[in-house]
Amino acid sequence: MLPTFPTSSTNSTTTARRLPDTRVRRTAAVLAIAALVPSANDAATALAAYVGNGSIARFVLLMNAKAKELGLTSTHFENPHGLEQPGPVPSARDLTTQL
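In this report, the structure presented in the accompanying data block is examined. Quantities reported herein were computed from a predicted structural model and do not represent experimental measurements.

Conventions used here
Residues numbered from 1 in each chain as written. Predicted model: local features only at pLDDT ≥ 70, side-chain atom pairs only at ≥ 80, totals over all residues. Heavy atoms only, no water. Salt bridge = Lys/Arg side-chain N within 4 Å of Asp/Glu carboxyl O. Helix = DSSP H or I, 4+ residues; strand = E, 2+ residues; numbered from the N terminus. Buried < 20%, exposed > 50% of the residue type's maximum accessible area, 1.4 Å probe, protein only. Expected span 1.5 Å × (residues − 1). Arc of directions from axis to C-beta. Contact = heavy atoms within 4.5 Å. Axes fitted to C-alpha atoms, helices over the stretch in contact; angles between N-to-C directions. Parallel < 35°, antiparallel > 145°, perpendicular 65-115°, else oblique. Nonpolar A, V, L, I, M, F, W, Y, C, P; charged D, E, K, R; others polar.

### Quick notes on the pattern of salt bridges
A side chain with one charge may pair with a side chain of the opposite charge, provided their charged atoms come close.
Next, step 1: What the rule picks out here adds up to two salt bridges.
Next, step 2: One salt bridge connects Glu-69 with Lys-66, and the closest N-O pair in it is separated by 3.1 Å. Residue Glu-69 and its partner Lys-66 are both found in helix H3 (residues 56–69); the two are separated by three residues, about one turn of the helix.
Next, step 3: With a relative accessible area of 59%, Glu-69 lands in the exposed category.

Spelled out as structure tokens, the structure:
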């Protein structure tokens, strides 16, 4: 079972749990699609906890490593959803590279 982690939209906590592999893949795909919808920060946080093996900080490190690997020079992540994130705005080049 994954630890609880705070959701970004409220002060409550959400508990993520491990599901059978086929169900996890299906659930992760649905969450990935949901993360594209405006205000889907809870889905992004749940995906981050899953991919980071229960650690959102670990997921952020993975995101920043991938950004560096892709050559995204003006992109730096502080959290999985980008809300309340201080720092520089990604360049148009970085945004199109991510697509």
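Once the structure has been displayed, the description carries forward.
### Focus: unusual backbone geometry
Next, step 1: Residues other than glycine seldom take positive phi values, yet Asn-53 does so here, at roughly 50°.
Next, step 2: Looking at the element boundaries, Asn-53 is found in the loop between helix H2 (41–51) and H3.

### With respect to H3
Working note: α-helix, 3.6 residues per turn, so residues spaced by three or four point in the same direction.
Next, step 1: Here H3 is 14 residues long and its end C-alpha atoms lie 20 Å apart, about the 20 Å a rise of 1.5 Å per residue gives.
Next, step 2: By the burial criterion, the buried members of H3 are Phe-59, Val-60, Met-63, Asn-64 and Ala-67. Taken end-on, H3 shows its buried residues confined to a sector of 140°, consistent with a single buried face. Away from the buried face of H3 by more than 90 degrees, exposed residues Leu-61, Lys-68 and Glu-69 are located.
Next, step 3: Those residues of H3 that are buried lie in contact with H2.
Next, step 4: Two residues or fewer after H3 comes Gly-71, characterised by a positive phi angle close to 80°.

### So, the packing of H2 against H3
Next, step 1: One can describe the packing of H2 onto H3 by two numbers: an axis separation of 7 Å at closest approach and a directional angle of 90°. One way to sum up the angle between H2 and H3 is to call them roughly perpendicular. Taking contact as the criterion, the partners of Thr-45, Ala-48, Ala-49 and Val-51 in H2 are, on H3, Ile-56, Phe-59 and Leu-62.
Next, step 2: Residues that form the contact of H2 with H3 fall into these classes: six nonpolar, one polar and no charged.

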